[in-house]
Structures are given as C-alpha cells and as structure tokens.
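Take a look at the letters that make up each chain.
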Amino acid sequence: MNEPMDFLIWTRSTAFDVAVTIFVIGVILRLFEIISLGRKQNLAEAKGTEFGPGMRTIFSRSVPDLGTFRRQPLTVVTGYMFHIGLFISLIMFVPHIELFRATFGFGWPGLPTPIVDAAAVLALIGLLAGLWHRIMNPVMQKITTFEDWLVWTLTFLPILTGYLAYHRMVDPYPLILGLHVLSVEALMIAFPFTKLMHTFTVFLSRWYNGAMNGRRGVES
Amino acid sequence: MSVFDNKSSESPSSCGLAGMSHNTLPLLNEVSHALKRLVRTGESTIIDLRAIPFGPGDEARLINLLGKGEVQATLDTLGKTTVTETRFAGVWLVDHYNSEDERIAFQIEIIDIPELLRAQTEDMYESLDLLGEVVEVEKQKLNGGSPAIQ
Amino acid sequence: MAEKNTLGESLRRHGVSRRGFLKFCTATASLMALPPTMVPAIAEALEKAKRPSVIWLSFQECTGCTESLTRSHSPSVESLIFDHISLDYHHTLQAAAGEAAEAAREAAMHENKGKYILVVDGSIPLGDPGYSTIAGISNLEMLKETAKDAAAIVAVGTCAAFGGLPQANPNPTGAVSVSDIIKDKPIINVSGCPPIPTVITGVLAHFLTFGSIPDLDQYNRPKVFYGQSIHDRCYRRPFYDKGKFAETFDDEGAKAGWCLYKLGCKGPMTYNACATAKWNQGTSWPVESGHGCLGCSEPRFWDAGGFYNALSVPISDNSQTVAFAAAAGLALGAAAAGLNYKNKDEATKAHGTVTIDDLEKSS
C-alpha cells in the first residue's frame with residue numbers, strides 16, 4: 001500500500017547506486033580504451049601544428065556548415081533545439097545542480113525555472129521533430145536501427161517525465177518523480193554501450209580531425 | 001495569539017513583506033466577482049479565510065485593504081463574534097471566537113446582511129413564549145401581585 | 001458511555017441559541033475544511049447526530065499525537081465536539097488504571113458493538129509481541145480484538161497510518177501499520193508526526209456529523225486535508241518558480257523568506273494541510289517559521305533521505321560510489337587496453353613480409 005513512496009525511495013537509493021556504478025565504469029572504461037588505442041605514428045613531415053587547430057575545431061564544428069543547412073535545414077534546427085534544450089534543463093535546473101553538488105562537492109548557479117521549463121519544451125519538440133523526420137524520410141528509414149529507436153526513447157522519457165513532474169501533472173507526485181529518476185537511470189545504464197557515448201567522444205573526434213588537418217597544413 | 005498580533009502590527013510587517021504576497025490580490029478579485037454576482041443576481045457568497053494559505057502579513061494586508069465601513073456588530077454566543085462591514089458595502093468580515101478568545105472561524109461574507117445578524121425563527125418562537133411569560137408576570141403584579149413571584 | 005440524546009438536543013439543553021448553533025456549524029464546516037455552503041447540511045446533520053463511543057488504543061508511539069490533540073483544546077469548537085464524544089478508553093488520559101481501565105474498554109466494546117470508533121496511534125510490532133504490551137495483551141491481539149466490532153478505525157499519526165519511526169530501517173521490532181493488519185474495516189489514516197490537531201478533530205467531526213467517512217486519497221487520508229501538497233499551497237512557491245533559494249538558514253535569502261528547497265524542504269512530495277490549518281492555534285507552520293518540511297505525513301519519511309538534503313539528492317552517499325566506479329572503470333579500461341595491445345602485437349608478429357618475387361611465384 002505504500003508503493004509510490006517505496007518506489008521513489010528505491011529509485012533514489014539502490015537503483016541510483018546501480019545506475020551510477022554502471023555509468024561511471026562504462027564511460028571511463030570506454031574512454032580509456034579509445035584513448036589508449038592511440039594512432040599509428042605519422043612519419044610524414046608535419047606542415048603545421050596539431051594543438052591549436054584541434055582545439056579550434058572542437059568549437060568551429062558547432063557552427064553548422066552552410067551547405068548542410070541548405071540541404072537539411074530541419075535536421076540542423078531541431079538538432080540545435082534539442083541539444084540546447086536538453087543541456088539547459090539538465091545542467092541549469094536547481095534540483096539537478098543540487099544532485100551534482102551532493103555527488104561531486106561543487107555546484108553552480110541555476111536558471112529561473114520558467115526558462116528551464118521553456119528549454120525542456122524546446123528539447124521535447126526537437127526530439128519529436130527528429131522522430132518525425134526519422135519516420136518520414138526514406139533515407140532515414142533505411143539507416144535507422146533498433147539502437148536508434150532505443151536511444152531516442154531513453155532520451156525522450158527523462159525529459160517528458162521531468163516536465164510532468166515539474167508541472168505536477170501526475171498524482172501522486174512521488175510516483176512521477178520516481179518515474180523521472182528511473183528513466184534517467186535507464187539512460188545512464190545504456191549510455192556507455194550505445195551511440196549516446198558521443199556526448200564525450202564528439203570532442204575527442206573533433207579534436208582529432210582538427211589536429212590531423214592542422215598537421216597536414218589544411219584549413220580546419 | 002497570532003490573530004491579534006496580526007491585527008495590531010499590520011502596517012510595518014506587511015510593508016516589509018510586500019513582495020511576498022500572492023494571495024491578497026486573487027482574493028480581492030474573488031470578492032469583486034462575488035459582489036458583482038450579488039448586485040446582478042442577488043446570490044450571496046461566503047469565503048472561508050481559514051482555507052486560504054496566507055503567508056506572513058497577507059491577512060493583515062487584506063484587512064487593511066478592505067478597511068472599515070459604517071456597521072460594526074458584536075454577538076455574544078458561544079464566545080464573541082464580530083461582524084464588520086468593510087468600506088465596500090455588501091462586503092462583511094465575520095470573525096468568530098470561542099469563550100477562550102481563540103478564533104474558530106473567519107469569513108468574508110458578500111451579502112446584504114450576514115445571516116447571523118438576523119433574528120432566527122427558532123429563537124423568535126422561544127422569545128414569544130418567554131415574552132408571554134413576562135407579560136403574564138407583569139399582569140399579575142398589576143393585579144395586586146402574587147407573593148410567590150415578588 | 002454513548003447517549004441517546006442528539007447533539008441538537010444537548011446544545012439546546014445547555015441554553016445555546018440558534019445563532020450559537022449556526023456559529024458552531026460554521027466553525028465545524030471550517031474545521032472539516034468544507035465550504036461554507038455546506039453549513040445548512042451540517043446543521044441538519046448535527047441536529048440529529050448521536051454521541052458516539054470512542055476507544056483510543058496507543059501502541060508503539062511517543063504520545064506526541066495525544067499531545068498534539070490535547071494542546072488543541074482549551075474550550076473551543078474541538079472541545080465542544082469532544083464533549084459530545086464519549087472517550088471511553090485512552091490509557092494516557094483516562095482516570096481508571098489497571099484492571100478497571102481494561103474493564104472500561106471491554107464494557108465500551110460490548111455496549112456499543114458495531115458502533116464505536118476505534119482510534120489507534122502507534123505502530124504494531126510483529127517481530128516479538130513482547131516489544132509492546134498493554135495489561136499483558138500484545139498490541140496485535142488487542143488491535144484485532146478491538147477492531148472486530150468497530151464501525152470505523154481512525155489511524156492517528158504516521159506510525160499507525162504507515163509504520164512511522166518504529167518501522168524506519170532496520171525496523172527492529174517488525175513494526176507495521178494498522179492497515180497492514182486490519183483489512184475488513186474502513187480505515188481513515190490521519191498521518192503526520194504528529195498530525196495537525198484540527199485535522200484529527202476534523203475527521204472525528206466528520207464522522208460525528210455525517211456518520212460516514214470522508215473522501216479518501218490512495219493512502220486512505222481524507223482528501224479535504226491531504227488533497228494538496230505543501231509545495232502547491234506554499235506561500236514561498238513564487239520564489240521556487242523564480243529560482244530564488246535560501247542557501248543557509250541565516251543568509252539574506254533565508255531572511256527574505258525565499259524557497260527552502262536547497263535546505264531540504266520535502267514540501268513537493270508531502271501532502272498535508274499545514275499551510276492553511278497551521279500550528280499552535282494558527283500561529284505559524286514549519287515553512288513559515290523558516291524550516292523546510294520534513295515530509296512527516298508521508299510513508300517512510302524517515303528513510304527518504306537526509307532532512308537537510310534537497311529532494312533531488314540521492315539517498316545513499318554517491319561520492320564514494322562514483323569514486324569506486326571510476327577506479328574500477330580505469331582498471332577495466334587498462335585491462336582492455338592491455339588486451340588490445342596484445343592483439344595488435346600478435347597481429348604485427350603474424351605479419352609476414354611479401355616480396356615481389358613471392359607475388360610472381362604465386363601467379
């Protein structure tokens with residue numbers, strides 16, 4: 001008879017411990033493995049530096065290429081909506097910051113909740129538009145795998161449940177808060193073993209691309 | 001007793017917490033709508049102020065805004081009850097206390113006259129009997145009086 | 001003992017006028033958190049209401065619930081109701097002791113069979129009956145015996161309603177709530193540690209007035225009192241929405257009355273009437289006095305994380321988990337790297353050199 005509260009307590013204790021353990025082990029293992037693999041030594045004479053162009057590329061690739069934008073404006077716009085929305089709701093919401101502070105010992109100032117709320121809506125719309133594109137576009141249909149559906153669902157649910165919890169649209173509140181926490185835990189568990197890893201590896205690969213171009217003396 | 005503290009210290013505390021209030025304005029709106037209803041259809045409204053989650057100073061601010069009108073009445077039944085017309089005709093503050101001067105109910109009534117001020121039918125019947133007895137006794141006095149009643 | 005007289009008759013006998021009765025009904029409506037439009041219905045019901053017998057059983061409890069209740073009444077509307085309730089057994093408040101006390105309980109049960117209200121505070125130990133007994137009778141046995149002929153059961157306080165403090169991890173006595181044991185009677189849970197006194201009396205007043213139990217939520221708590229969360233009714237809510245939080249109990253934010261979420265307020269998950277009913281004759285309530293809500297009216301609130309940790313903070317200490325997991329990740333990563341190097345090495349070693357002559361030979 002005490003189910004919703006038992007459920008919330010379970011998601012905030014045992015389930016969270018399991019999820020955090022798998023997430024941290026998985027992410028560090030994979031990053032360490034990728035970095036330790038290294039690259040073959042390039043014997044060709046360097047025509048430029050690696051570090052500067054590498055760092056520059058990490059940022060410059062965040063600006064969409066004009067050609068890509070003209071061909072797929074929707075993909076670019078919804079991609080931005082989703083990523084910025086997710087980033088703001090994940091990192092700038094005060095209850096989330098309190099979680100980081102309790103885990104890592106430091107925090108930062110949050111944004112007023114109406115802004116975070118708007119960001120979450122942006123992220124949800126971005127994700128739905130992405131899904132629609134994936135379903136309607138014949139090329140996307142061909143290249144979509146099970147993993148894509150899984151990753152989309154695992155990303156969508158935490159934002160949706162978070163939105164419902166913040167607006168207290170499900171009664172009782174402990175139930176929806178528990179579902180929110182649980183959905184994030186599912187995301188964390190799947191994270192190291194799916195394309196979600198791009199959250200970290202995107203910066204590695206951008207740096208590498210930039211550094212290679214720099215070494216060859218090509219504009220990055 | 002907070003109830004009295006609130007009343008006596010209304011202005012300083014309410015000024016300091018001005019940014020905090022969010023229940024006064026919606027309540028005033030509700031009163032205004034209720035008054036409109038009373039004027040147009042004759043339908044009265046009672047708002048239980050104990051069901052409103054007042055913040056510090058909210059109640060004092062509300063009482064202050066409503067002000068004092070022409071009529072004030074005090075009832076003495078199961079403790080004191082004060083009925084005060086606010087500066088808005090038809091809007092009354094009805095404040096019930098028990099015999100220990102603890103507030104037991106606090107309401108805004110939007111009505112031509114609060115029900116409690118009217119003489120109640122049951123009480124009037126009782127009074128009729130009582131009055132009859134008094135008249136009887138006075139009559140007997142006039143007629144030479146019976147020693148038993150003095 | 002229960003009387004045959006109705007409340008209306010008894011009030012009139014005490015010389016209470018119709019105005020006084022209406023005032024009493026108004027206060028009762030306010031107490032039960034019912035709208036003032038219900039006053040005529042309440043007046044009609046109270047006119048006919050009979051004096052019920054109440055048996056109050058105290059099990060694994062701290063008497064805080066009884067303290068809360070008795071503090072609520074100097075002669076007030078609650079006490080008028082209590083004058084009208086026959087409290088036939090309450091081992092803290094009754095004059096009788098020992099066998100006379102138990103005899104009073106048995107007599108009340110016998111005379112009001114099927115009609116009395118059973119009020120319970122405290123949880124019931126299932127681990128070993130010896131943890132809590134009254135007159136040599138185990139709590140479990142006494143509850144079952146007394147509940148059998150009750151019209152309804154009111155579980156007062158979080159211990160009786162959900163298990164409460166005695167049930168907190170690791171629950172040494174095997175404490176359970178009333179509803180874990182009694183399945184065949186209507187149970188009203190009046191949770192809180194302690195519950196708000198006017199809520200206890202409001203529930204009893206409802207039963208007295210209408211002879212029925214009020215609308216209940218999924219935890220069997222009366223919706224009129226537990227229908228909304230502390231967070232929803234909190235006058236500090238606008239600060240939560242604006243993102244203005246007190247960081248410590250004495251900073252400028254705390255002095256300005258900002259939201260207490262970061263200081264551990266459990267208001268968002270807690271359903272209770274504190275914001276309207278308030279405490280100490282309506283003086284204040286925890287959030288108004290500058291302390292976050294502990295969530296005391298919710299099941300397992302003792303195990304729901306530190307009182308001064310934000311609700312979003314995980315219950316167990318995660319810094320350690322993260323550190324251990326990071327170390328394990330590094331170790332496993334190193335192992336994986338070693339494996340990869342070995343593979344690479346073997347591949348290099350297996351790599352034979354092919355000359356132009358070899359190619360010509362094979363073709």
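Residues numbered from 1 in each chain as written. Chains lettered and ligands numbered in written order. Predicted model: local features only at pLDDT ≥ 70, side-chain atom pairs only at ≥ 80, totals over all residues. Heavy atoms only, no water.

A. Representation of the overall build of chain C. The number of helices and strands found in chain C is 18 helices and 9 strands. Taking 21 Å as the expected radius of gyration for a compact globule of 363 residues, we find that chain C reaches 30 Å, considerably beyond that expectation. Projected onto its principal axes, the C-alpha coordinates of chain C cover approximately 125 × 50 × 40 Å. Taken across its 363 residues, chain C has 55% of its residues classed as buried. Restricting the contact set of chain C to residue pairs at least 6 apart, pairs at least 24 apart contribute 75%. Accessible area for chain C stands at about 15500 Å²; split by element, carbon and sulfur atoms hold 56% of it. Computed over 33 positive and 37 negative side-chain charges, the separation of the two mean positions in chain C equals 7 Å. (Helix = DSSP H or I, 4+ residues; strand = E, 2+ residues; numbered from the N terminus. Rg over C-alpha atoms; globule rule 2.2 N^0.38 Å. Buried < 20%, exposed > 50% of the residue type's maximum accessible area, 1.4 Å probe, protein only. Contact = heavy atoms within 4.5 Å. Areas by Shrake-Rupley, 256 points an atom, 1.4 Å probe, with all protein chains shown as cover. Lys, Arg positive; Asp, Glu negative; His and termini not counted. Charge placed at Lys NZ, Arg CZ, Asp CG, Glu CD.)

B. Quick peek at the UniProt feature "binding site: [4Fe-4S] cluster 1" (unreviewed entry) in chain C. All names here are of chain C. If you check UniProt for "binding site: [4Fe-4S] cluster 1" (unreviewed entry), the listed places come out as C62, C65, C159 and C193 in our numbering. A maximum C-alpha distance of 9.9 Å among these annotated residues, which run over 132 residues, shows that they cluster at one spot. Tracing the backbone shows C159 in helix α8 (residues 157-162). Residue class for C159 comes out buried when judged on its relative accessible area of 14%. When sequence neighbours within four positions are dropped, the list of residues in contact with C159 reads Q60, G122, S123, G164, L165, P166, V176 and S177. (UniProt positions renumbered as here; feature names shortened; annotations may be inferred.)

C. The interface of chain C and chain A, seen in detail. Across the boundary between the two partners, chain C contributes 49 residues, which contact 41 residues of chain A. A combined buried area of about 4000 Å² lies between chain C and chain A, and 62% of that area is made up of carbon and sulfur atoms. Joining chain C to chain A, the criterion identifies 20 residue pairs in polar contact (both at pLDDT 80 or more). Secondary-structure elements contributing two or more residues to the side of chain C that touches chain A are α13 (230-233), α14 (237-242) and α17 (318-350) of chain C. The element contributing the most residues to the side of chain C that touches chain A is α17 of chain C, with 17 residues. For the side of chain C that touches chain A, the per-class residue count stands at 25 nonpolar, 15 polar and 9 charged. (Buried area = accessible area lost by both parts, 1.4 Å probe. Polar contact = N/O pair within 3.5 Å; in protein donor to acceptor, adjacent residues only side chain to side chain. Nonpolar A, V, L, I, M, F, W, Y, C, P; charged D, E, K, R; others polar.)

D. Focus on the pattern of salt bridges. With the rule as written, the count across this model stands at 24 salt bridges over all chains. Residue E138 of chain B is joined to K141 of chain B by a salt bridge in which the shortest nitrogen-to-oxygen separation is 3.5 Å. Here the residue E138 of chain B and the residue K141 of chain B both occupy positions in helix α5 (residues 121-142), the gap between them amounting to 3 residues, near one helical turn. Judged by relative accessible area, E138 of chain B falls into the partly exposed class, the value being 40%. Residue class for K141 of chain B comes out partly exposed when judged on its relative accessible area of 43%. Between R18 of chain C and E47 of chain C there is a salt bridge, with the nearest N and O atoms lying 3.6 Å from each other. Taken together, the positions of R18 of chain C in helix α2 (residues 18-31) and E47 of chain C in helix α3 (residues 39-48) put the pair 29 residues apart, joining distant regions of the chain. Bridged by salt links that share partners, the residues E98 and R101 of chain A together with E247 and K262 of chain C form one connected network. (Salt bridge = Lys/Arg side-chain N within 4 Å of Asp/Glu carboxyl O.)

E. Local environment of the UniProt feature "domain: Cytochrome-c3 hydrogenase C-terminal" (unreviewed entry) in chain C. According to UniProt, the feature "domain: Cytochrome-c3 hydrogenase C-terminal" (unreviewed entry) maps to residues 226-305 of chain C in the numbering used here. A distance of 22 Å separates the end C-alpha atoms of residues 226-305 of chain C, which is 24% helix and 0% strand.

F. Representation of the arrangement of the chains in the model. Taken together, the 2 pairs of chains in contact show their highest number of contacts between chains A and C. With no contact formed, the shortest span from any C-alpha in chain A to any C-alpha in chain B equals 17 Å.

G. The domain arrangement of chain C, seen in detail. Taken as a whole, chain C is organised into domain 1 (7-226), domain 2 (230-303) and domain 3 (324-362). Look at where the C-alpha atoms of domain 2 of chain C and domain 3 of chain C centre, and you get two points 61 Å apart. (Domains from an automatic or database assignment.)

H. Structural detail: the UniProt feature "transmembrane region" (unreviewed entry) in chain A. Residue and element names in this part refer to chain A. In this numbering, the UniProt entry assigns the feature "transmembrane region" (unreviewed entry) to residues 14-32, 74-95, 115-137 and 149-166. The annotated region residues 14-32 carries 100% helix and 0% strand content, and the separation between its end C-alpha atoms amounts to 27 Å. Structurally, residues 74-95 comprises 91% helix and 0% strand, and the distance from its first C-alpha atom to its last is 32 Å.

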